[in-house]
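Letter by letter, the chains look like this.
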Amino acid sequence: MGRPREFDVQQALDAALCVFWRKGYEGASYTDLTQATGVERPALYAAFGNKEALFRKALERYYQRDLAFFPAALDLPTAREVVSHILHGAVELNTRHQDHPGCLGVNGVLAASDDAEAVRVAVIEARAVGEAQLRERLERAQAEGDLPASANCATLATYVCAVLHGIAVQAKAGFSREVLDAVAEQALVAWPSPTAP
């Protein structure tokens, strides 16, 4: 019978998530991960698998915990409220932590080598799921008359995601929450009204 774990798995995962968020997947060394988690490498990998598996688990936790505002927004009554909640939620998240601003998905693999291709693809796939969920919600809004028939819901969803990614990059570059909230408001100026032609 093996020895029981002598560390809190969720705390270790949260610590690893912060390292990946701050340094990216490739920038996070094994030393960074063991120092942040307080867990020796053999025990860390016995609990989570290799570095890629640990990143994937951290990404899953990030989507469930830190991006909870996104699925909550999809339940709001109007498309404009949905998008406003998503944009302002992203601003809050991306500026919440001074030691690791920005977005794990953007920071994690913005520039990745061929060795990190599987991780890059995992992040792209996760983003695509979110964009598809938003597109489906906008299509529902259009069917309900909340968006004009002329609106292209796929393009609108891509537009919102492009603004989200820009917010993440600017937050990583040190832009303030106030500036990024103003960017979110400016993005909403272009939002189509239900009565648009």
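Before reading on, note that the structure itself is shown above.
The residue numbers shown here count from 1 along each chain, following its written sequence. Local features in this predicted model are restricted to residues of pLDDT 70 or higher, and side-chain atom pairs are both shown and tallied only at a pLDDT of 80 or more, whereas totals for entire chains, interfaces and linings draw on every residue. To obtain the side-chain values, all non-hydrogen atoms of the structure were included, while hydrogens and water were left out.

Engineer: Is there a simple way to think about the packing of helix 9 (residues 153–172) against helix 10 (residues 177–189) in this case?
Structural biologist: The geometry of a pair of packed helices is captured by two quantities: the angle between their axes and the separation between those axes. Structural elements are reduced to axes, namely lines fitted to C-alpha atoms, with helices fitted over the stretch in contact, and the angle between N-to-C directions of any two is expressed from 0 to 180 degrees. We count a stretch as a helix when DSSP gives it H or I for four or more residues in a row; a strand needs E for two or more, and each element gets its number in order from the N terminus. The contact between helix 9 and helix 10 brings their axes to 11 Å, and the two run at 165°. Between helix 9 and helix 10, the angle falls in the class roughly antiparallel. The interaxial crossing formed by helix 9 with helix 10 has right-handed handedness. Across the interface between the two elements, Tyr-159, Val-163, Ile-167, Gln-170 and Ala-171 of helix 9 pack against Leu-180, Val-183 and Ala-187 of helix 10. Angle categories are assigned with fixed cut-offs, so that under 35 degrees is roughly parallel, over 145 is roughly antiparallel, 65 to 115 is roughly perpendicular, and the rest are oblique. In this scheme the handedness of a crossing depends on how the near helix is turned from the far one: anticlockwise by less than a right angle means left-handed, clockwise means right-handed. We call two residues in contact whenever any of their non-hydrogen atoms come within 4.5 Å of each other.

Engineer: Honestly, the side chain of His-100 in this entry has me stumped. Any pointers?
Structural biologist: Along the polypeptide, His-100 turns up in the loop between helix 6 (79–96) and helix 7 (104–109). Assessed through its relative accessible area of 3%, His-100 is described here as buried. N or O atoms within 3.5 Å of each other form a polar contact, as long as, within protein, one can give a hydrogen and the other can take it, and as long as residues adjacent in sequence are counted only when both atoms are side-chain atoms. Only 2.9 Å separates the side chain of His-100 from the side chain of Asp-99, close enough to count as a polar contact. The classification of residues rests on relative accessible area computed with a 1.4 Å probe and restricted to protein chains. Under 20% of the type maximum is buried, over 50% is exposed, and intermediate values are partly exposed.

Engineer: Help me understand the pattern of salt bridges, please; the structure alone is not making it clear to me.
Structural biologist: Two side chains that carry opposite charge are able to pair once their charged atoms sit near each other. We count a salt bridge whenever a side-chain nitrogen from Lys or Arg sits within 4 Å of a carboxyl oxygen from Asp or Glu. Scanning the entire structure with this criterion turns up 13 salt bridges. Between Arg-120 and Glu-117 there is a salt bridge, and its shortest N-O distance comes to 2.7 Å. Placement of both Arg-120 and Glu-117 in helix 8 (residues 117–143) is noted, with a separation of three residues, approximately one turn of the helix. Overall, Glu-117 belongs to the partly exposed group, its relative accessible area being 32%. Residues Glu-144 and Arg-140 are paired through a salt bridge, measuring 3.4 Å at the closest nitrogen-oxygen approach. Given the relative accessible area of 52%, Glu-144 is considered exposed. Of the residues examined, Arg-140 reaches a relative accessible area of 41% and is grouped as partly exposed. One continuous salt-bridge network, built from bridges that share partners, spans Asp-14, Arg-61, Arg-65, Asp-66, Glu-92 and Arg-96.

Engineer: Help me out: how do you make sense of helix 8 in this one?
Structural biologist: Residues spaced three or four apart along an α-helix face the same direction, because each turn holds 3.6 residues. Multiplying one less than the number of residues by 1.5 Å gives the expected span of a helix. Taking 1.5 Å per residue, 27 residues should reach 39 Å; helix 8 reaches 38 Å between its end C-alpha atoms and fits that length. Every buried residue of helix 8 is listed here: Val-119, Ala-122, Val-123, Ala-126, Gly-130, Leu-134, Arg-137, Leu-138 and Ala-141.

Engineer: Any chance you could explain the nonpolar core here in plain terms?
Structural biologist: Across soluble globular proteins, nonpolar side chains have a tendency to be buried as a group. The nonpolar core is taken to be a set of buried Ala, Val, Leu, Ile, Met, Phe, Trp, Tyr and Cys residues, with the residues joined through side-chain atoms within 4.5 Å. Within the largest apolar cluster, 59 residues are counted, with the highest numbers of intra-cluster contacts made by Phe-20, Leu-87, Leu-134, Leu-138 and Leu-147. It is helix 9 that provides the largest number of residues to this core, a total of nine residues. Once residues within four sequence positions are removed from consideration, Phe-20 is found in contact with Tyr-25, Ala-28, Leu-33, Lys-51, Leu-54, Phe-55, Ala-58, Leu-104 and Gly-108.

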